[in-house]
Every structure is written in C-alpha cells, then in structure tokens.
Amino acid sequence: MPTTSPHDPKARELFDEMARWPIFDPHSHIDPTRPAARNFDEVLGYHYYTELAHSAGMPAELVSPNLDPETRVRNLAGYLDRIDNTVQYSWLLEIAKTFHDFPHDRITPQNIGELYDRAQRSSSGEAWDREVWKKSQLEAVFLTNEFDDPLEGWDPQKYVPCLRTDDLVLKLHEPTTVDRLRRATNVDVQDYATLRQAIGVLFERFVKRGARACAISLPPDFAPYRATAKRAVTPVRRAIHQMDQRPDEHDEVRQVVFWTLAEFCAEFRLPFDLMIGPIRNVYPAGVAGGRDLFDRRVSLHGYRELFNHFSGVTFPVSTLSPDAGGELVAYSWIFPNVIPMGHWWYSNIPAYIAADLRARLQAVPKVKQVGYYSDAYKLEFVLPKFNMFRRVLAETLADDAVRGQGWSIDRALELARLILLENPKRIFSRAGAAS
Amino acid sequence: MPTTSPHDPKARELFDEMARWPIFDPHSHIDPTRPAARNFDEVLGYHYYTELAHSAGMPAELVSPNLDPETRVRNLAGYLDRIDNTVQYSWLLEIAKTFHDFPHDRITPQNIGELYDRAQRSSSGEAWDREVWKKSQLEAVFLTNEFDDPLEGWDPQKYVPCLRTDDLVLKLHEPTTVDRLRRATNVDVQDYATLRQAIGVLFERFVKRGARACAISLPPDFAPYRATAKRAVTPVRRAIHQMDQRPDEHDEVRQVVFWTLAEFCAEFRLPFDLMIGPIRNVYPAGVAGGRDLFDRRVSLHGYRELFNHFSGVTFPVSTLSPDAGGELVAYSWIFPNVIPMGHWWYSNIPAYIAADLRARLQAVPKVKQVGYYSDAYKLEFVLPKFNMFRRVLAETLADDAVRGQGWSIDRALELARLILLENPKRIFSRAGAAS
Amino acid sequence: MPTTSPHDPKARELFDEMARWPIFDPHSHIDPTRPAARNFDEVLGYHYYTELAHSAGMPAELVSPNLDPETRVRNLAGYLDRIDNTVQYSWLLEIAKTFHDFPHDRITPQNIGELYDRAQRSSSGEAWDREVWKKSQLEAVFLTNEFDDPLEGWDPQKYVPCLRTDDLVLKLHEPTTVDRLRRATNVDVQDYATLRQAIGVLFERFVKRGARACAISLPPDFAPYRATAKRAVTPVRRAIHQMDQRPDEHDEVRQVVFWTLAEFCAEFRLPFDLMIGPIRNVYPAGVAGGRDLFDRRVSLHGYRELFNHFSGVTFPVSTLSPDAGGELVAYSWIFPNVIPMGHWWYSNIPAYIAADLRARLQAVPKVKQVGYYSDAYKLEFVLPKFNMFRRVLAETLADDAVRGQGWSIDRALELARLILLENPKRIFSRAGAAS
Ligand SMILES: [Zn+2]
Ligand SMILES: [Zn+2]
Ligand SMILES: [Zn+2]
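Source: prediction; values computed, not measured.

1. Notes on the relation of the copies chain C and chain A
At step 1: Rotating chain C by 120° and translating it 0.0 Å along the rotation axis places it on chain A, where the RMSD comes to 0.0 Å. When the rotation and shift are considered jointly, the pair of chain copies conforms to a three-fold rotation axis.
At step 2: Of the interface residues in chain C, just 8% have counterparts in chain A that sit at the interface too, so the contact is made through distinct surfaces.

Quick look at the structure:
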C-alpha cells in the first residue's frame, strides 16, 4: 500500500478517485527543454534535500556543483537518514517507487547505487520526459520564464509560459538587467518611457507565445502604491544608468516598475501571481536554493491599493509565512480579484496545508480557490507533491464535508475537481482577452 | 438528520443536550423594533452573502438598495452555488429549513421563488418575531445602540441595550457627531469639560434603561494610553469645532475620549467590550458591510496600560485576525479583567473557532470564558450561528475532555453551560453596581 | 486509568512505552539543594496556579509570602475549581495522585487538608528528593544558574549547571549586577576589557563545574547585531558606572554584552539557549511570576546576523508567542545551528504543542529536534509535564506516522526516543570541546 493513500476509508475513496485525474499545474520551475531528471542527481539536487541535509549537518561542499553527479548523490545519501521523518523525504521515496521501481522503504548508502542505476536516463532523455508526463497524467505545467526567455522549442499548451518579473522590479539597477532587456526587446531602454515600451514588447511576445500568467515574488518590506511615472522619472533613469540611489529612490523604482507590470496585466488580461514574503540570502553560507527565509511581520493590508486599483486584474496570491494564512482567507473572501493559490514553500507541508485548506473551504467561495501547484524543478516531483495535497484534501473533505455535513462522495469530488482542475483552467484562461 | 449535528456519537450526545438550552447572546446588531426578517431579502441581505457572492463574481449593482427585495433575492440566488461550500451558506440553509420548512438541500434560481414565498412575513411581523424568538429559545439578546438611540419601545430584559461608542472616539471631528451628542444629551458640548459631561449623561441614561455593556471596535493602529485631559484640551476643542488637526492631535482626541469612556465604565460598572482589529473601507467598491478588513500586525501589548489602569473594569475582548488568538489566550490567562469573548467575524468559522476554543479550554480559567455571541442583524441568524459554535464545542469536549481526560458527559456539559450561559450572565450583570 | 494516557489504542501503546523511559530534562529552574517540594505550598506556589487563580478572581494577598504555607494553600484551594479545566490543573492532580496517593479526582477546600498532610515532607527532605527523582526516572535535569552561583553542593551529572545571562545583558546598568560580577570573578570590572575578562572567568568556572549550556531570555525588541567593542566602549563604561544613558546607548550595551557571550559560547562549545519573546512586568499588580507577557510582533529574521556569524554555536531556540511556531520551523529547517527546543510557557499547552510538533516532525531534520524540557521549579512537575508532551507526541505519531504513513510501532518509537533522549544528550554534550 503506498503510504500516500489515506488511512481513513472515506478519505481513501476520495483520494483514489482524485488519483485518477489529470494534473493541471499552474506554477512550476520546470525547464521545458529538459523537464524530467536525466539521473538521480537531478532529483536529489532539489534544494529541499540539499538544504535539509545541510541543516542536519552535511557540509555544503559535499553537494558542490564541481563534483560529478554520482558522487554528489552518494554524499547526500549518507545524510538522508537524518531527514527521513520529513514530508520532503516522502516525495523522494514516492519518486523512487513510482518511477524507478525502487523496492526498498528507505534510501541508504547501501542501496543508493542501485537507485542511481535505476534512475539513469541520460541516453533516453526525451522518451523519459514523455513517460513521466504520461505516468503523472499531466495535462499542463506552467513554467517560470525569465523575461528574456526565447520561448521556443516546446508546445505551449503543455508547457505554458509565465512571465517572471522579479528582475525587472527588484534588480533594474543591476547592469545585466537593462542589457538583457535591451537585447530581448530591441528597445533602446534609457528612461521610463523606453522602459515602458520595452515591457510592452515583452508582454506582446509572451502572450503571443501562449503565456497565461505574469508572476513575481516580493519581499515583506514591499507594499505597492500607485507610483506616478512623473515622480519616478529621475530615479528610473538613475537606476537604468546604475547611478547611486537613496533607499527611497530605489523603492520608487520598484514601485513604478511593479505598477507598470500590473497595468500591462490589465491590458493583456494576464493574472498576476503574487508570491509574498521571501527575503533572499538570509543564510548566505547555505546550499544553492537554500538561503532564503522570511520575516513573518507582513500584511496583505499593504496590497490594498493594488487590489482596489486593478479591479480587472486577477491576483492569485501565495504567502510564505505559515501564520499568514488567515489573512489570505479574509482578503480572498472580500476582494473579487484576490485568489488564494496553493500552498507555498515553507507553508507547503501537510500540517499547514490542512489548517489553511480547511479554512479556505469554509470561508472562500469555491470558484475562487486554486488548490495546488507543484513549484517543481523536475517533472518527477509534480505527482508526489500533488498527491500530498490530494491526500490532505481527501482527508479534509471526508471529515468536514462527508461526515461533517452529510455530503455525498460525489458532491465532495465535485468540489475537489473544481479546485484542482476547473478553477485553475478558468482563472488562467485569459478569459475576455482580445488576442 | 440536520447536518449541524456532529457525526461522532459522544459529540452528538453533548450537542443534542446543548441544543435544548436557551440562548443568551451578549452581542448582536438586532433592531429590537424589527428583530426578525420580514422577508427573505432581509436574510440574504446579511453582508456575508452579498460580499461572498460579490467576491465570487456578482456585480454589486445586483443587490443595490434601489432594487425591490424580490429582485435582489433572485439576483443573489443566481450566485449562491458559487459559495455553497461556505459555513455562511450552511447558516442560510439551516434558517430555510428550521424557520421556513424549506424542503430542498440547496437554494437555487429554480427554488428561490418558493423560498421567498415561504419566508414572506410582512403581514405578520411581530408574531413572527415572537415565533423566531421562541423557536430559538432566546433568553436575551444584546443590542448595539448608537449613543443617541432613544432606547425605548422594547423590553430591555430581552433586548439588552449596549452603548456603542465608535463614533465618539473615532469620529468626534465629524460635524454630525457633536450635533447628535448635543441633541441626545442637551449638553452644549464645546470643549473637553462639556464633552465629559455629555458622556456622563449618556452613561446615566443607558444604565437607567438597562444597558449592560459599553462597546467599541478599534483599528490596529490604536494603542490606548493614559491621556491627560489637560494635554487634550486644545485638540478636543479643535475637533469639536471641526478645525484642522495634525495626525498626532487626532490621535490625542481618540485617546482622551476612549480613556474617558473607560472611566465611566468603571464608575457605572459596565463591561467594556473591545473589538480589536478592523480597518474600515479597505475595499471601497465592495457591497455594504463588505468593505472592511484588517492588518494582522497588532498586539494586545498595546493595551497593557488600559488593562492595568482600569483593574476594576471588565474587558471582554474580541480579536479579528485569525492568528491573534494565541495572544488573547495569554492575556486572559494573566489579566483578571481580560475576558476572551466569542469568535468574531473573520475568525468566526469552525476551523479558527476550533483552534482558539481548544486553547482557551486548556489555559484560560473556565469562569472567564464567554463562549459565543451571534453578531447577528436579524434574529433568525442567532440559532444557526450558536449551533455552529455549540457543535465545535461539543466536538472539542468529546475529544479533549470526555475521551481525552475521562470526564463524564455531565462534567463536560457543566463546562459547556458555564461558558454558554452562566459566565455571560454573570459577567454582564453589572455586579457590584450601585444603581 | 490515569487520564494522561491517550484514548486511541495505537497512541496508548506508544505512550506506555515512552512512560517507561528515563527523562533527560534540558531546562528547568530546579534548586539542586532543595529540588523536591517540602510541602504542598511549594507545589501550589508554582506561578501557574497563583496566576490562574488570581486571573480567576483570587486577590493576590491570599498567596502573599507573609502568610504561612498552609494558609496560602487553603486560600488558593478555594479557587481551584475555577481553573480545573486547565492543563496546568491536570499536572497538579497527577502530582497529587502519583506522589501523594491522593484518592480524589478534584482538589477542593474539603480535601485540601488531607492533601496538605499527605504532601508534608519537611522532616524527610533529601529522602523525598531521591524518591521523586527515582519515581520520575530522571536521568539529568538542567538548572538555571545565576552567573554568581557558587555551583557547589550537588552532582553536576544529575543537576547540570547552565549559565543564565539575562542580568549581564539586560541589567548591566544596575549597580548590583556589576557588584555581583566583581565578587563572583575577582575581576575589577571597570570597562569593556575588564567586563570581557570577567565573563571569561565565569565561562571558565561554569564549564569546569560541568555546565552544558548558556541561556538567556530576550524581549521582542531585541535584534542582535555585530556590536563592535570599539563603539561600545563608552556606553559600557557608562553603564558599569550607572551613568545616564540614552536608549540607543542602552541597546549598544545589551548588544555588545550579548555578542561577547556568544563569542564565549563558541570558544567553550556551549549551546546558547535563546528564549525569545517575554516582556517583563506587563501586569505589575499580578502575583509573583505571573506578570510577564509578550508582544507577538517579533521575528527570527532579527537573529539572522547572529545565526550566520556564529555558525559554530548551536542555538536551541524557544519562542513564546503561540503564532511564532511556523517561523521557528522554517529557520530550523535552513540554519544548521538553529534547533527548535521544546514548547515554552504560553505555548506549552497541548493545543499549541500539537500544532507545532506536527509541523516540526514534518519539516525539521529529526536529529535537530529537542522534544521537551520541563521549565519546572520543583522536581514533582518534571514528570507530569513530560507526560503531557509524551502524550501529544504519541498521538501525533499514531496519527501521522503509524496510521498516516504505515510506520511500525518500533520506527515511531525510535523517532520518539531520538527527540526525547538522544538529541538533547548529544546536542548538550559539548561535543568537540577541548576541556
Ligand atoms: Zn516558484
Ligand atoms: Zn458586532
Ligand atoms: Zn525557564
């Protein structure tokens, strides 16, 4: 019996049905030209394993990019027993069993060689991509594309482009940003007017190539307000030319670029995913991908002006701090354009998912809930992460809806299908867009 | 089987007994001259339905006050399927079934006409008020009276007056406030001394008419301190005469009026209900009653000076942000005059009630807990909202007390009766008052 | 059947086994020269009972230190029925039953005399200490020693010294602090250099006497940064000589002393317990030990510089506000030197323990978790408090691991043993220390 299946019979009945459904994944970091893992190093290289092992005592050097893949895997395997209590470890085991017929219940230094061999796909790359896709019953996976991504070489109906805008908002003052923007748009970006023009070119191209969302992650100290282009003219020019800036000028630049992006989201009918909370590089000595944390003192009240002004833009919101979930429920309950989206990163463990999900199911209109996204870097992770969520959803519905309110299994499954499939498809459909 | 009844047999046993008890409701917004709904528009007009439907896509115009009641109801009914997962929808269905013998399990555009007809009571208004009162086994319902409410025309033992003071504290600078105060008190309010005199008149009148509480809702940026009348003299005069004020002067006015109210609560032995957290009009384009939200960054530490200074005043406290519940437990555990009161608004859903209630039952002296209040605008809502709470209470006691600690059913019921009936009656009895 | 035993059979099986294990208690306030209670007043004098009874209406004078012990006990007993719902009351009953063969299920004014007599041990003090130690199966109990504690008169393998440093950091400006420091170290403390020298002497002595931790409790407004001795020279000298200080100078002093302590922790390989959150004397009219509270607006992000700089120092962290648990999970998941330690004070009730524990077990490497500490003042409390935790642990493992993931009972017990015994022993072993 796979341990992903719930113990409670009603919940199992719900889960087993959900497990037959396709997966529509509205946010990931998959590389569409290399979606599945070519070897087990690309699985174990997921930051959850390196950072948890490092936190448990593994020196960062043991997973250095300078090592060969098998050495990295063997090094990390020596520490996996220290983290075999975690839910992240359970994803790993589910991958090993589902995709690689791994027969053991723990991954150890003794059997890691066997697993490495089983997961070796360097010679059959694209066939393996298709196999993982099929076995996971994927229907669509959203990408996270840098603004200068050429967006070519894959089927955008399956790998759906999404314009990631962190660099434009938070790093406009870095020389590479402006250079990349000029090259990507052929606009000679020199000031706010040409910056705006360039961003317009980006939106045009992304939408033409099938993009269905714009996305950004924002630190806790960011609270958007209506920036006037006029006031921002000078700070933007200074940022573009890498001149020194006072903190307030730097914030002015972030504000005006962010507001401009929201304007284009309105124009192009793109939902704007807000991923609120991370602070980058809080632990600089950590492993790659394992250095970011947060300050929990952040409030959606800081986003009120944005939500009000852009009533025509849908904002799927993810919050990072586990104690922020209640506020997201309240803001989604009131603002038509605020959508609680999935369960993110440090909040993406069953204990927090269960608490947040239960509240959302009780207080947020069902048509507004985007149940889950994988946030995965490799295709193999989409299934176990979705299964974790499907299980919590099945248990919550069995408790609260079936036993708690006398719902039929069918009614509970209807709700599950809505938040897992129908809502994300509708919300990310660019409904009403001209193009 | 009504779905309000718990599934677990022990919990059901507890719930079934509680369902036989009268209801003592220490906070509502009932209009005592028109307590029950004359038609289903007055039920569906509760902001929870209009705001949730609006959040789910219903244009605000569809429930405009300019429309006739039946049109509003039909318009809203077209969106109810989008919110039929919510606990608020379950109150609606319980009202339809309990009070109107509605035979269906969902309210749809097809059957809303039938329900509208069934709920039509415009010709039998007062008889209907009595019927709802009786069917709900109401014993007393506290009101929320504006300071200039004439307080006449009803039995104050059943509809207990409560002096609501938001306008005095937060809107003294608005011309209507002072005018209303002058008319209500016959005091020529011109400065702090006459303001104080007028407030004294209000307390005198409210208490004479049977008031048993003073109440206020306070925004997260308010942190009371001991305002000296001397320092406030000028700002108060400027507010009364609608002269311009700096933000610090405006805060000075809020502070001194609030402190003055607390002094009168002490003098008249009135509990002072503090409802901490809301920010008004965060979403101005929302439906009536559906525009307020909060900033979760607020702490009861800001109230320490108040709690210390007025050791003789009981402060029943409600907090709005779902993550603030733990702090209220701690402050109630330490301060004799801080009472955790009910579960409010955005925190009033079973998921948050269950978490808060469990902690209060484990750590706050049982004699200090005020279990619940309805916050209802129409009498029909008192029963389903109390039933929601009684159910969570029954489930919590079945788990934690009966199974968890081997308590008898009787002992668990004793505790339930204490927090549902005996505590609120004692706490809001003005014990020790001279009058 | 003791009500500490879980109702669920799988949980009971786990609990019953854990109940056979020894207890290793890494933080308490036990007086090693008088560890067990000589009479029931020393049990009921625990601040939880006096503060809860006071919060429930008992005047503080009824437990004044001027009264004789039996009077205090009788006075307090008159209020115990008001708090018999609390988990703290359940500890009391477990003590009465386990250590004093108390036959009743509630402690009342009628039977308090019987209990007082049963618990009278003034003539058999040390024998009683040994009996409680043995019955509780204690292996080691960490102390909280003031810096000038002579550290003599007990076996440091059983009663493990721990250097408490609050006074040095937070009260250096008070005359008694410097005087005590001079006497304790024979260093003529006059400035930062001699202060540092004195602190070195303290560490030297504590470690020589078997100390295995340094500890401090810090208010929410403290956020450590790398203080430079140079900049702090003047403020430190002014503090030592009790000269007036500006708030920023006062903070400078706190910072440099705290940083200096962390440097010595690194040098002496002592874990540095951080107990984050309390604000002292928020309710000055409260009973002794029942005056402190917190402001929940605090973040571990304020500790990033400390955690980064002292990568060689282990920081077992306790947070006070119940809503801060999620952040501690995330910081422990990323920083190798941050350890989530136990469940503290206002967060030490089953509702909050269960929520925090479940998340830690799902997301923090198992080798990093320090399950519990008693924080007890008298030896009798160690067992019931640990039993409370063992029970929540048993229930969580039965739900999430055994039923939830198909773990064997043995595997679940291995994890329990790790966090209850093996981790604290290893983490507080001063591994790698030269001495
Ligand atoms: Zn992502
Ligand atoms: Zn209200
Ligand atoms: Zn302590």
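2. Thoughts on the sheet that holds strand β5 (residues 213-218) of chain C
Residues and elements named next belong to chain C.
At step 1: One open sheet accounts for five strands, arranged β4-β5-β6-β9-β10; its pairing is parallel. A single partner strand is all that each edge strand has here, and the edge strands are β4 (162-164) and β10 (338-340). Shown here is a sheet whose adjacent strand axes are inclined to one another by a mean of 25°, direction ignored.
At step 2: Helix α12 (residues 247-268) rests against β5 and β6 (272-276) of the sheet, and its axis sits at about 145° to β6.

3. What about the relation of the copies chain C and chain B?
At step 1: Overlaying chain C with chain B gives an RMSD of 0.0 Å, the required rotation being 120° about an axis along which the chain moves by 0.0 Å.
At step 2: Looking at the interface residues of chain C, only 8% of them are also at the interface in chain B, so each copy uses its own face.

4. Examining the coordination of the zinc ion (ligand 2)
All names here are of chain B.
At step 1: For the zinc ion (ligand 2), the full set of protein donor atoms is His-27 (NE2), His-29 (NE2) and Asp-375 (OD), at a range of 2.0 to 2.1 Å.
At step 2: For the zinc ion (ligand 2), the single-chain donor residues occur in sequence as H-x1-H-x345-D. Placement of His-29 in the loop between β1 (23-25) and α2 (40-44) and of Asp-375 in the loop between α15 (350-363) and α16 (382-405) is noted, with a sequence separation of 346 residues between them.
At step 3: You can call Asp-375 buried: its relative accessible area is 10%.

5. Here's the deal with the interface of chain C and chain A
At step 1: Contacts between the two partners involve 40 residues from chain C, matched on the other side by 39 residues from chain A.
At step 2: Both faces combined, the contact of chain C with chain A buries some 3300 Å², and carbon together with sulfur accounts for 57% of it.
At step 3: Three residues, Trp-333, Ile-334 and Gln-362 of chain C, lead the burial of chain C against chain A; their summed loss comes to 22% of the area buried on that side.
At step 4: Between Asp-84 of chain A and Lys-366 of chain C there is a salt bridge whose closest N-O contact spans 2.8 Å.
At step 5: On the surface where chain C and chain A come into contact, there are 21 residue pairs in polar contact (both at pLDDT 80 or more).
At step 6: Among the secondary structure elements, those contributing two or more residues to the side of chain C that touches chain A are α13 (304-309), α14 (325-334), α15 (350-363), α16 (382-405) and α17 (409-427) of chain C.
At step 7: Sort the elements by how many residues they give to the side of chain C that touches chain A and α14 of chain C lands first, with nine residues.

6. A closer look at the pattern of salt bridges
At step 1: The full count for this structure, using the stated rule, is 99 salt bridges over all chains.
At step 2: In this structure, the salt-bridge partner of Asp-105 of chain B is Lys-97 of chain B, at a minimum N-O distance of 3.2 Å.
At step 3: Several salt bridges converge on common partners, so that one network encompasses Arg-296, Asp-323 and Glu-327 of chain A, Arg-296, Asp-323 and Glu-327 of chain B together with Arg-296, Asp-323 and Glu-327 of chain C.

Definitions and limits used
Residues numbered from 1 in each chain as written. Chains lettered and ligands numbered in written order. Predicted model: local features only at pLDDT ≥ 70, side-chain atom pairs only at ≥ 80, totals over all residues. Heavy atoms only, no water. Least-squares fit on C-alpha atoms with pLDDT ≥ 70 in both. Contact = heavy atoms within 4.5 Å. Pairing = 2+ DSSP bridges. Helix = DSSP H or I, 4+ residues; strand = E, 2+ residues; numbered from the N terminus. Axes fitted to C-alpha atoms, helices over the stretch in contact; angles between N-to-C directions. Donors = N, O, S within 2.8 Å, 3.2 Å for Na, K, Ca; no water. Buried < 20%, exposed > 50% of the residue type's maximum accessible area, 1.4 Å probe, protein only. Buried area = accessible area lost by both parts, 1.4 Å probe. Salt bridge = Lys/Arg side-chain N within 4 Å of Asp/Glu carboxyl O. Polar contact = N/O pair within 3.5 Å; in protein donor to acceptor, adjacent residues only side chain to side chain.

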